[in-house]
Amino acid sequence: MADDPPPDDPKKALDDFLATMRRRRTVRQFSDRPVPRELIERIIATAGTAPSGANKQPWRFVAVQDPAIKREIRLAAEEEERLFYGGRAGKTWKQDLGPMGTDEHKPFLEIAPWLIVVFKVLKDDEPDRLSDQVYYVNESVGIAVGLLLAAARVAGLATLTHTPTPMKFLGSILDRPAHERPFVLIPVGYPAEDCTVPAISRKRLDRIMTLDRGSPLRPPGSDVPLPNLNSED
Ligand SMILES: Cc1cc2nc3c(=O)[nH]c(=O)nc-3n(C[C@H](O)[C@H](O)[C@H](O)COP(=O)(O)O)c2cc1C
């Protein structure tokens, strides 16, 4: 690592990365424009660099491009989503989802050129491991998915973090062993030309970051205001 010095201008490097990540939005209308497999492989390889509890790397990424499998996934997901939006979600959850404009129709599951189905692996199945135990699986896989979404954004690709719950059907459709549990389903591709996204806002930095301890978020009397790095201007 000693031969890996920090960038000359770390602030600029971070500003550039922040600008890239600001352009990440959840897309729900995809184009069918093909995405080469090499891009998907690199995106998944990036996810695989994530830290994990005891380096168990408890994740599996299934990249689906076969239209017949995508159709099966769509039909099964829409069945679950019909029950979800038909009542299982409950009043508050449905209310919170209102601004997203989502419903039980999931055409993107067939239109997006790739679906990356992420599984958490509950038993380490690599032959050379000291034990088959895994640790902090949700945290580890969550971090890996974050890197995956960031890598797709770097490549100019759109993603949708989709959780048609319960997701058990993904294990059977994709023929996964019992110790692999579906974590999230991520369509990847280019946005449709007429794609729109809900108008949402990001919490300001001083609502998500606090200096040292206590509340309010900024220590009383602090004369060092946190910059609003979320501002688009
Ligand atoms: C764990 C998780 C599950 C999500 N599940 C769904 C989903 O099932 N369907 C959907 O349309 N969006 C889903 N989303 C996307 C969120 O609605 C979206 O990230 C949020 O509204 C913020 O918008 P943005 O991603 O464009 O910044 C999910 C996001 C996360 C992180």
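Residues numbered from 1 in each chain as written. Predicted model: local features only at pLDDT ≥ 70, side-chain atom pairs only at ≥ 80, totals over all residues.

1. Some words on helix α6 (residues 137-154)
Turning to step 1, where the next piece is worked out: Given a rise of 1.5 Å per residue, 18 residues ought to cover 26 Å, and the 26 Å separating the end C-alpha atoms of α6 matches this to within 8%.
Turning to step 2, where the next piece is worked out: Those residues of α6 that sit buried are Ser140, Val141, Ala144, Val145, Leu148, Leu149, Ala151 and Ala152.
Turning to step 3, where the next piece is worked out: Just beyond α6, the residue with positive phi is Gly156, at close to 75°. (Helix = DSSP H or I, 4+ residues; strand = E, 2+ residues; numbered from the N terminus. Expected span 1.5 Å × (residues − 1). Buried ≥ 20, exposed ≤ 12 C-beta atoms within 10 Å, placed from the backbone.)

2. Focus: the sheet that holds strand β4 (residues 180-189)
Turning to step 1, where the next piece is worked out: Judged by pairing direction, the sheet is antiparallel, and its 4 strands sit side by side in the order β1-β2-β4-β3 without closing on themselves. Of all strands in the sheet, those with a lone pairing partner are β1 (59-64) and β3 (158-159), marking the two edges.
Turning to step 2, where the next piece is worked out: One ladder, built from 6 bridges, connects β1 with strand β2 (residues 114-121); its direction is antiparallel. Looking at β2, one finds that Trp59 is bridged to Lys120.
Turning to step 3, where the next piece is worked out: Each of β1, β2, β3 and β4 touches α6; the most contacted strand, β2, lies at about 160° to it. (Pairing = 2+ DSSP bridges. Contact = placed C-beta atoms within 7 Å. Axes fitted to C-alpha atoms, helices over the stretch in contact; angles between N-to-C directions.)

3. Observations concerning helix α2 (residues 37-47)
Turning to step 1, where the next piece is worked out: Those residues of α2 lying buried are Ile40, Ile43, Ile44 and Ala47. Each buried residue of α2 sits inside an arc of 95° when the element is viewed along its axis, so together they form one side. Facing away from the buried side of α2 by more than 90 degrees, the exposed set consists of Glu38 and Glu41.
Turning to step 2, where the next piece is worked out: Turning to α2, the residues buried within the fold contact β1, β2, α6 and β4. (Arc of directions from axis to C-beta.)

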